[in-house]
Structures are given as structure tokens and as C-alpha cells.
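# Descriptive analysis of the structure
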Amino acid sequence: MSRILVTGGAGYIGSHACKTLAANGFEPVSFDNLVYGHRDAVKWGPLEEGDITDRERISEVLGRYKPVAVMHFAAYAYVGESVQDPAKYYANNVGGSLTLLAAMRNAGINKIVFSSSCATYGVPEHVPIVETEKQAPINPYGMTKLIVENVLRDYGTAYGLRSASLRYFNACGADPDAEIGEDHDPETHLIPRAMMAVSGEIPELDLFGTDYDTPDGTCIRDYVHVTDLADAHVKALQRLLDGGQTFGLNLGTGSGFSVREVIAAVERVSERKVPVNEQPRRAGDPPVLVADVAQAKRVLDFEARFTDIDEIVNTAWNWHQRPRPQQSVR
Ligand code: UDP
């Protein structure tokens, strides 16, 4: 069975990728420092605790498992924190990636699927966003992702590394079997926050910005289901294993929903009212971010299967209602 090293395999998107890898006959080996990841999200292969900034530890794990390729999810991903503490983001997201790549080179592994972001586009001039759009991040988080994309391209030219940089739009939802799901601490994302508000875990949902130039005044995003993202990763991996060259692509559904539309979906699915507190705009939020999905279709034959917002929210809601030892209030 082909082994794949999955950095960040105990995290939200990484754990879903592990499930899909296993379903496609791969053995995922999760490498995670468990700072944000969850031990019990690693269910489809071994967990190796370690940090991507620890060259010796990565080398030891690569040497022992001899994976045929790497999926690299491990990164810090709070945009606001990246503005407050850029050193943490550059050291981990960029420095850690360089360390990982050095260990991979040393071990003779030359294929990597990289978790990038639509944050690399910053405030796009054209929506839907085509891959040829200028990549001009507006925060350190997005910049770390763009730097790594560039590193991967340069390593491809110089050292024969082959990579797929997958730029996700708004990852959301949970495994339809509710075995794993979104579990961030702190949780900042819209859908889980709205569910926390209906469940009384937080008093109300802050709605950031009601005066955007959009039909209902709230931001529009492309919400792509995490299981669809996982499928796209396995397709990208397969392409690299089949000899495909380096590429970068958007992963989205191609359709946008406004914050108010998402809130309405949470209300329909939960059959409860979301208490909302209208707030000013959140710094750095562009009005509309929607992916052009033609290239993902062309290159990977990828098309999101979850396009109905109620269906997406329903998977998240089922996961949210799992039994938990204690309900913490954040
Ligand atoms: N949002 C909101 N209240 C929240 C969290 C998010 O109104 O508590 C809005 C946010 O301003 C953005 C959209 O919901 O327009 C999606 O934000 P999220 O943080 O989920 O993802 P991001 O777009 O930042 O990756």
C-alpha cells in the first residue's frame, strides 16, 4: 500500500484528507504537533507527533515510513493573529515548509500536495477568480502561503520537485458520517460560530459588515465542503503520481452565498433562530470571493458535489451535535 505523509493530519482538512486517502487505497501517516490538531481525529493510519520545524524528527519519520509523496496541511491559519504576530507565521508556515522540503529532498521524495489559499489573491480585481488573477495577499497568513507556492515552483525548476498548490476558498462542513469535523479553538469561522450561537455556547453571532456593495449588504464567499476538498487532494496526488508536472488551482464550488444566506441556512437546518449582533466590517474582508472552477475541472476533473448550502450546513450541524464531554463557552 502506498504511504502518504500528511502533515497536519490531525487538523480539520488534513483529517478529512486522511479518510479519503484510506478510502482510495493509500495509507496516510499523520505528522502533527497537536497544537491545534486532535489526536482522536487520526483514525485511518498512524500518528507521529512532531513539528515541521524539527528537521531530525521529520527525517526520522520519512526514513521509517518511506512515503511516496507528502500532503502538507500543517500551518497556522488565523488571519488576525498573523497580523499581530507575523514572526510566528513566517517561522512556522514558511520556515516549517522549508524544513519539510529539505527533509524530503534528503529522503528522495519529490511530490507534494500543498494546502494553499484564496488568501493569496488578496482583494481580487476580477470575480470569479481565475488562477491567472494577480496573487497579492493583504495579510501575513496569505503571504506565507504565496511564498511557499513560489518556493515549490523554484524547487521544481532546480531540483525536480513536483507540486500541486491547492487554493481553497471557504472550507466548511464535516464528514457526512460525522466521524470527524471542524473543531477549532478558538473558533472564528462563520458556520460553526452561527451553530454555537443557536446552541447557546455563545450569546450571539457577530455579523461583520452589513454595508457591502452586495445584494443584501453582507460579504459573499464560496463555501466548499471539506469532503470535496479531500477528494480534490487525492485527485491532485494521483496526477503527480502519474507523472504530472507542477500546477496550482482554485478549489471552490463556483457559487457564492452571503453571510445572511448562510445564517438563514443554519436557521433552517437547526430549526432555531440565530441571535445576530450586527457589527462594523472586519478588517481585511473583501466583499466577494468566489472561485472560477474551470481549471480544476479541466486539470483534475474536480467538481464539488456539495453545492446546496443547506446540505453543507447539515453535515456541520450533525457533527456539532455529537456528544461532547463538556460544552465549553468561548
Ligand atoms: N463572519 C461573520 N461573523 C463571524 C465570522 C465570520 O460575519 O463570526 C463573516 C466574515 O466577515 C466573512 C464570512 O463570514 O465575510 C466568512 O468568514 P470566515 O471567518 O468563516 O472565513 P474567511 O472568509 O475569513 O476565510
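It should be noted that the structure appears before, not after, this text.
Residues numbered from 1 in each chain as written. Predicted model: local features only at pLDDT ≥ 70, side-chain atom pairs only at ≥ 80, totals over all residues. Heavy atoms only, no water.

### Considering the packing of aromatic side chains
Counted under the stated rule, the structure contains four aromatic pairs. Considering the side-chain rings of Tyr-36 and Tyr-78, the 5.6 Å spacing of their centres and the 70 degrees angle between planes classify their relative orientation as edge-to-face. Taken together, the positions of Tyr-36 in the loop between strand 2 (27-32) and strand 3 (47-49) and Tyr-78 in the loop between strand 4 (69-72) and helix 3 (79-84) put the pair 42 residues apart, joining distant regions of the chain. Classification of Tyr-36 by relative accessible area gives partly exposed; the value is 29%. A cation over a ring is seen here: Arg-281 above Tyr-212, with NZ or CZ 4.0 Å from the ring centre. The positively charged end of Arg-322 is found above the aromatic ring belonging to Trp-319, 3.8 Å away from the centroid. (Phe/Tyr/Trp six-rings, centres within 6.5 Å; stacked < 30°, edge-to-face > 60°. Helix = DSSP H or I, 4+ residues; strand = E, 2+ residues; numbered from the N terminus. Buried < 20%, exposed > 50% of the residue type's maximum accessible area, 1.4 Å probe, protein only. Lys NZ or Arg CZ within 6 Å of the ring centre and 35° of its normal.)

### Quick word on the site of the ligand
Around the ligand, the structure places 15 residues, and the nearest of them are Leu-190, Asp-206, Phe-208, Arg-282 and Asp-285. The separation between a nitrogen atom of the ligand and a polar main-chain atom of Asp-206 is 2.6 Å. Asp-285 is positioned such that a nitrogen or oxygen atom in its side chain is 2.6 Å from an oxygen atom of the ligand. Here the ligand, which alone exposes 520 Å², has 87% of that area covered by the protein. Counting residues per element, the ones that place at least two in the shell around the ligand are helix 6 (190-198) and strand 8 (205-208). Broken down by element, the shell around the ligand gets its largest block of residues, four residues, from strand 8. (Near = heavy atom within 4 Å. Polar contact = N/O pair within 3.5 Å; in protein donor to acceptor, adjacent residues only side chain to side chain. Areas by Shrake-Rupley, 256 points an atom, 1.4 Å probe, with all protein chains shown as cover.)

### Things to note about unusual backbone geometry
With an omega of -5 degrees, the peptide bond between Val-127 and Pro-128 qualifies as cis. Omega for the bond connecting Asp-185 with Pro-186 falls within 30 degrees of zero, at 5 degrees, which places this linkage in the cis form. Here Pro-186 is to be found in the loop between strand 7 (170-172) and helix 6. Positive phi outside glycine occurs at Ala-178, with the angle close to 55 degrees. Mapped onto the fold, Ala-178 is located in the loop between strand 7 and helix 6. Since its relative accessible area comes to 29%, Ala-178 is described here as partly exposed.

### Some words on the pairing of strand 2
A large share of strand 2 lies buried, amounting to five of its six residues. Here strand 1 (residues 3-7) runs beside strand 2; their pairing, made up of five bridges, is parallel. By the bridge assignment for strand 2, Ile-4 is matched with Pro-28. Once you follow strand 1 into helix 1 (residues 12-23) and on to strand 2, the crossover reads as right-handed. Relative to strand 3, strand 2 is paired through three bridges, and the arrangement is parallel. From the neighbouring strand, Phe-31 faces strand 3, where its bridge partner is Glu-48. (Pairing = 2+ DSSP bridges. Right-handed = clockwise from strand over helix to strand, strands pointing away.)

Read these as layout, nothing more, since geometry by itself doesn't imply function.
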